[in-house]
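# What the coordinates show
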Amino acid sequence: MDANTPLACPDPVEHAVRSRKSVRGFLPRPVPLELVERILSVAAYAPSGSNIQPWKAHLLTGASRDALSAALTRAHYDGTPAEREYDYYPTTWRSPYQERRRATGWGLYSTLGIAKGDRAASSHQHARNYAFFGAPCVLLFTIDDDLGKGSWLDYGMFLQSIMVVATAHGLATCPQAALANYPDIVKRHLNIPASEVVVCGMSMGYEDPDAPANQFRPSRIGVADFLTIHK
Ligand SMILES: Cc1cc2nc3c(=O)[nH]c(=O)nc-3n(C[C@H](O)[C@H](O)[C@H](O)COP(=O)(O)O)c2cc1C
């Protein structure tokens, strides 16, 4: 079975991992806060080097969510330059990552009917990040700036655990590096000290199954494309 095989799997963990996907259209249905706290308490079992558990999270709903959304959206349309505090992507793209990135971006945009080169439509779609794609609940994640690369590795495990456990509870998520584009705004709104780095955010809620963006499912390379077996 490769990563693109249709999902038909009785194992609940495998099912949750396979059915998790980045959702970019949510229903306005509220998410019970106890459920989010429960998901986070389970994700906190993620491993971390020396068990230092480097994650720090902020949960936003209601007015605080709306205020941050408005500020980020304003920054986007004002043309405020993004100032992420760390390099998420390489400065120069090369094969094979460039092709994979393009296939995913074009796949999503063509599903949405956005033509290549349509800057206005692309900008509006990017701005959906700052509306949290309509999700009623958003998480913002930070890490102390004096921790090492290993702690960022730990962080990824924590984030994936949140998304998989949320999926198992019928919730949908979208991890968003875009929410780290304007760290000053995030820090001001959430009272986050300068000594913390905004890692990313995550929209969380119930999927809108009719949202066009949710019809797109990017493919995966096969195991043989990344695995070398030594005997
Ligand atoms: C750390 C991280 C940051 C991401 N940032 C964004 C983002 O800002 N906006 C977005 O729409 N998707 C974002 N994504 C989602 C990726 O595009 C998505 O995971 C990838 O295309 C694979 O699709 P899938 O998650 O549906 O399997 C991010 C994913 C990760 C892991």
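A short tour of the structure in this document, coming up. Just so it is clear, the model here is predicted, and its values are computed rather than measured.

### A look at the sheet that holds strand S3 (residues 172-176)
Taken together, the four strands give an open sheet; going across it, the order is S1-S2-S4-S3, and neighbouring strands pair in antiparallel fashion. The open sheet has two edge strands with one neighbour each: strand S1 (56-61) and S3. On average, each strand axis in the sheet is inclined to that of its neighbour by 25 degrees, with strand direction left out of account. By the bridge criterion, eight bridges tie strand S2 (residues 137-144) to strand S4 (residues 196-205) in an arrangement that is antiparallel. Counted as the bridge partner of Val 138 is Ser 203 from S4. The sheet contacts of helix H2 (residues 33-43) involve S1, S2 and S4, and relative to S1 the element is tilted by about 165 degrees. Docked against the sheet, helix H3 (residues 62-78) engages S1 and S2, running at close to 100 degrees with respect to S1.

### Examining the pattern of salt bridges
All told, the structure shown has five salt bridges when counted by the stated rule. Between Lys 187 and Glu 85 there is a salt bridge, with its nearest N and O atoms 2.6 Å apart. With a gap of 102 residues between them, Lys 187 in helix H7 (residues 183-190) and Glu 85 in the loop between H3 and helix H4 (97-111) connect regions that are remote in the sequence. The exposure class assigned to Glu 85 is partly exposed, which follows from its relative accessible area of 34%. Because the salt bridges share partners, they merge into one network encompassing Lys 56, Asp 144 and Glu 196.

### Looking at unusual backbone geometry
Ser 95 connects to Pro 96 through a cis peptide bond whose omega is 5 degrees. Summarising the element assignment, Pro 96 is placed in the loop between H3 and H4. Phi is positive for Asn 51, close to 55 degrees, though the residue is something other than glycine. Along the polypeptide, Asn 51 turns up in the loop between H2 and S1.

About the cut-offs
Along every chain, residues carry numbers that run from 1 in the direction the sequence is written. Totals for whole chains, interfaces and linings use all residues, but because this is a predicted model, local features are given only for residues with pLDDT of at least 70 and pairs of side-chain atoms are given and counted only at 80 or more. Values shown for side chains rest on all heavy atoms present in the structure; no hydrogens or waters enter the calculation. Note on pairing: two strands pair once DSSP finds at least 2 bridges between them. Going along the chain from the N terminus, every DSSP run of H or I of four or more residues is numbered as a helix, and every run of E of two or more is numbered as a strand. To get an axis, a line is fitted to the C-alpha atoms, and for a helix only the part in contact is used. The angle between two axes follows their N-to-C directions and goes from 0 to 180 degrees. Residues are treated as being in contact if the distance between any of their heavy atoms lies within 4.5 Å. Just to be clear on terms, a salt bridge is a Lys or Arg side-chain nitrogen sitting within 4 Å of an Asp or Glu carboxyl oxygen. Classification of residues uses two cut-offs on accessible area relative to the type maximum, computed with a 1.4 Å probe and protein chains only: under 20% is buried, over 50% is exposed, and between them is partly exposed.

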